[in-house]
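# Geometric and topological summary
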Amino acid sequence: MSYTVTLQDFPDIPANVREQAERRYAKTLERAIGGVDAIGPALKAWMTAEDSSEGDLSEDEKALAVRWQKAASRAQQEGFNGLGEAQEAYFEVRLARH
C-alpha cells in the first residue's frame, strides 16, 4: 500500500529542506516498522486503537499499534533532525486510496 508523508505547520522552510525531512521520516518509518508493506496495517491499527478502548482490540492490533507508535516516534526524531524548533510542526502520514 502506498502512502505519503508531509511536514505540516513548519513555517518558512525551503521546499528542498522540507522534502529531505519528509524522505528521512519515511525511510526511518519503513525501516522501523518492517518495510513499506507494513505501513498500512500498522497505521490502521494505530488509528483503530485511538478510537477504541483497549478491551475492544485484539492482541495483534494492540501489538501493531504499539509498533506504529514506536516507529513513528523514531521517524519523527529523524525527520526533525537538523531542522530546529517549530512547536506546532508534525509529520502527517496518509495512505493512498485506490
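Let me sum up the structure you'll find in this document. Source: prediction; values computed, not measured.

A complete count under the given rule lists two salt bridges for this structure. We note a salt bridge from lysine 62 to glutamate 59, for which the minimum N-O separation is 3.2 Å. With a gap of three residues between them, lysine 62 and glutamate 59 both fall in helix 3 (residues 59-80), about one helical turn apart. Judged by its relative accessible area of 22%, lysine 62 falls in the partly exposed class. Arginine 94 is paired through a salt bridge with glutamate 92; the nearest N and O atoms lie 3.2 Å apart.

As enumerated under the stated definition, the model contains three aromatic pairs in all. With a centroid separation of 4.8 Å and 50 degrees between ring planes, the pair formed by phenylalanine 80 and phenylalanine 91 is classed as tilted. In this pair, phenylalanine 80 is assigned in helix 3 and phenylalanine 91 in strand 2 (residues 90-95), connecting sequence segments eleven residues apart. Phenylalanine 91 shares its class with phenylalanine 80; the two are buried. Among the aromatic residues, those joined into a cluster by ring pairs are Phe10, Tyr25, Phe80 and Phe91.

One finds Leu7, Phe10, Tyr25, Leu29, Trp68 and Val93 to be the most contacted residues of the largest nonpolar core, which totals 24 residues. Listing elements by their share of this core, those giving two or more residues are strand 1 (3-8), helix 1 (15-33), helix 2 (39-50), helix 3 and strand 2. Not counting residues up to four positions away in its chain, the partners in contact with leucine 7 are Ile13, Arg18, Ala21, Glu22, Phe80, Leu83, Ala89, Tyr90 and Phe91.

The topology assignment puts alanine 86 in the loop between helix 3 and strand 2. For alanine 86, the contacting residues outside a window of four places in its chain are Asp9, Phe10 and Pro11.

Conventions we followed
Residues numbered from 1 in each chain as written. Predicted model: local features only at pLDDT ≥ 70, side-chain atom pairs only at ≥ 80, totals over all residues. Heavy atoms only, no water. Salt bridge = Lys/Arg side-chain N within 4 Å of Asp/Glu carboxyl O. Helix = DSSP H or I, 4+ residues; strand = E, 2+ residues; numbered from the N terminus. Buried < 20%, exposed > 50% of the residue type's maximum accessible area, 1.4 Å probe, protein only. Phe/Tyr/Trp six-rings, centres within 6.5 Å; stacked < 30°, edge-to-face > 60°. Core = buried A, V, L, I, M, F, W, Y, C linked by side-chain atoms within 4.5 Å. Contact = heavy atoms within 4.5 Å.

Interpretation in functional terms is not warranted from these geometric data alone.
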